[in-house]
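Structural characterization, general
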Amino acid sequence: AEYLVDNFLAFAQTAIKNNKPFFAQVSFHNNHIPYVAPSRFNALYPSYNDNERDYYGCISAVDAQVSRIRKFLRDSGVANSTFLAFTSDNGPEDNVADHECLPFQNPGNVQGRLGRKRTLTEGGIRMPGLIEYPPLVHTNRVERGYFPASTNDFLPTLLDIAGVSPSADLPLDGISLLPLLAGTATTRATPLGWYSAYPWVLRPPTTEPPPQSCQQRPLRPLPSSFPTNFTTPFDQYQIAWSEGNYKLFACNADPRNSSNWRFSLFNVIDDDREMTDLWPSLGATVGSTLFSHFLSWQESVRHSIAVENKCTVPTLRGEAVLPDSSITK
């Protein structure tokens, strides 16, 4: 973390000296396994076991470096004109007794939510998000309502700050967060979609009750909008769609078998632990509507892969693929 911030400070100092705006993404890896905390941070947690001391020590090490960034921005006189965001890409690592790196129990806490890293249930995708933007956020506050946001929203937000319109031929999935920061928006008007290339499984040891794998989740009637031979780009094992109060979740242990998708529907405002599956009562109505919206979004994803993308597209199996012939260019 210290090395990353040293490099960021050198980069930002040059930009500020030359009176130029700057953009930087600082990706801290400290709590990614295998995690080993610097001794001075490990020592902050004497009452914990070795694994926990390293984990929490790494969090404290990141905290110290984020503090360096914030202090630098203030000391350089640019804090009041800088958009600063801090978040994570996924939930904590699985609790596994035989991980490829070492046996460990990951201390990361999902506050009782279902799943962890690699899952599209809330424990895998609901992360803390902290934003500093003094022009709109004048005092510390916590958004108590339900306004899901994504790193997809950062680019539209920065374009909005800069007064730049996005390119018409490169549509964005995200939205500007400035209305949220200004307090003029309390709910998200645009849905969010996810894929996961990993099977849905709660890896042992785990304290969650069954189902603990996709195969154990109930096989229910498919949405009325479900197409014959439904596929996802690169055969994803999980899909999720958040719209309003509701979240659609589906998994498949064999993505090439379209009849094997297991669908669930949750009201994530009232039930962020996803314990009450509403699919039996609302699947035919709300669930089918949300899935039809997901399908429209998926077509835009396929179009992005086949048409908008300027690079060779790798599959999960390491092969290169040609543009999807089903896309109308």
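Quick caveat: nothing in here was measured; it's all calculated off a predicted structure.

What follows deals with the overall build of the protein. The helix and strand tally for the protein stands at seven helices and eight strands. For the protein, buried positions account for 39% of its 329 residues. In the protein, the proportion of contacts linking residues at least 24 apart, taken out of those at least 6 apart, comes to 62%. Only carbon and sulfur atoms are counted for the fraction: they give 53% of the accessible area of the protein, which is about 18,700 Å².

Let us look at the state of the cysteines. Applying the stated criterion across every chain, the model contains one disulfide. Note on cysteine connectivity: Cys214 is disulfide-linked to Cys251, with sulfurs 2.2 Å apart. Given an S-S torsion of about 100 degrees, the disulfide between Cys214 and Cys251 has right-handed geometry. Here Cys251 lies in strand 5 (residues 246-251) and Cys214 lies in the loop between strand 3 (192-196) and strand 4 (238-243), a separation of 37 residues in the sequence. The pair Cys214 / Cys251 is uniform in exposure class, with both members buried.

Our next topic: the side chain of Thr119. In this structure, Thr119 sits in the loop between strand 1 (84-87) and helix 4 (122-125). Using a relative accessible area of 3% as the deciding quantity, one classes Thr119 as buried. A polar contact of 3.3 Å, which involves the side chain of Thr119, links it to the side chain of Thr121.

Looking now at the sheet that holds strand 6 (residues 262-267). The sheet built from four strands is open, its strands ordered 3-4-5-6 with antiparallel pairing. The sheet terminates laterally at strand 3 and strand 6, the two strands that pair on one side only. Ignoring strand direction, the axes of neighbouring strands in this sheet form an average angle of 15 degrees. Across six bridges, strand 5 lies against strand 6 in antiparallel orientation. Note that in strand 6 the partner of Cys251 across the bridge is Arg262. Sheet strands touched by helix 7 (residues 279-308): strand 3, strand 4, strand 5 and strand 6. Its angle to strand 4, the strand with the most contacts, is close to 105 degrees.

Phi is mostly negative for residues that are not glycine, and the peptide bonds are mostly trans. In this chain, Ile33 is followed by Pro34 through a cis amide linkage whose omega measures -5 degrees. In this structure, Pro34 sits in the loop between helix 1 (2-17) and helix 2 (39-42). The phi dihedral of Asn19 falls on the positive side, at around 55 degrees, and the residue is not glycine. Looking at where Asn19 falls in the secondary structure, it is placed in the loop between helix 1 and helix 2. The backbone of Asp235 shows a phi angle near 55 degrees, a positive value even though the residue is not glycine.

What follows covers the pattern of salt bridges. Per the counting criterion, the structure on display carries 17 salt bridges. Of the charged contacts, one joins Glu122 and Lys247 as a salt bridge, the two residues approaching to 2.9 Å between their closest N and O atoms. Of this pair, Glu122 sits in helix 4 while Lys247 sits in strand 5, placing them 125 residues apart in sequence. Both residues of the pair, Glu122 and Lys247, count as buried. By sharing partners, the salt bridges in this structure join Arg113, Glu122, Arg126, Lys247, Asp272 and Glu274 into a single network.

Its 30 residues give helix 7 an end-to-end C-alpha distance of only 35 Å, which falls more than 12% under 44 Å, the value for a rise of 1.5 Å per residue. At Thr285, helix 7 shows its maximal kink, close to 50 degrees.

About the criteria used
- Residues numbered from 1 in each chain as written.
- Predicted model: local features only at pLDDT ≥ 70, side-chain atom pairs only at ≥ 80, totals over all residues.
- Heavy atoms only, no water.
- Helix = DSSP H or I, 4+ residues; strand = E, 2+ residues; numbered from the N terminus.
- Buried < 20%, exposed > 50% of the residue type's maximum accessible area, 1.4 Å probe, protein only.
- Contact = heavy atoms within 4.5 Å.
- Areas by Shrake-Rupley, 256 points an atom, 1.4 Å probe, with all protein chains shown as cover.
- Disulfide = S-S within 2.5 Å.
- Polar contact = N/O pair within 3.5 Å; in protein donor to acceptor, adjacent residues only side chain to side chain.
- Pairing = 2+ DSSP bridges.
- Axes fitted to C-alpha atoms, helices over the stretch in contact; angles between N-to-C directions.
- Salt bridge = Lys/Arg side-chain N within 4 Å of Asp/Glu carboxyl O.
- Expected span 1.5 Å × (residues − 1).
- Bend = angle between axes of the 7 residues up to and from the residue.

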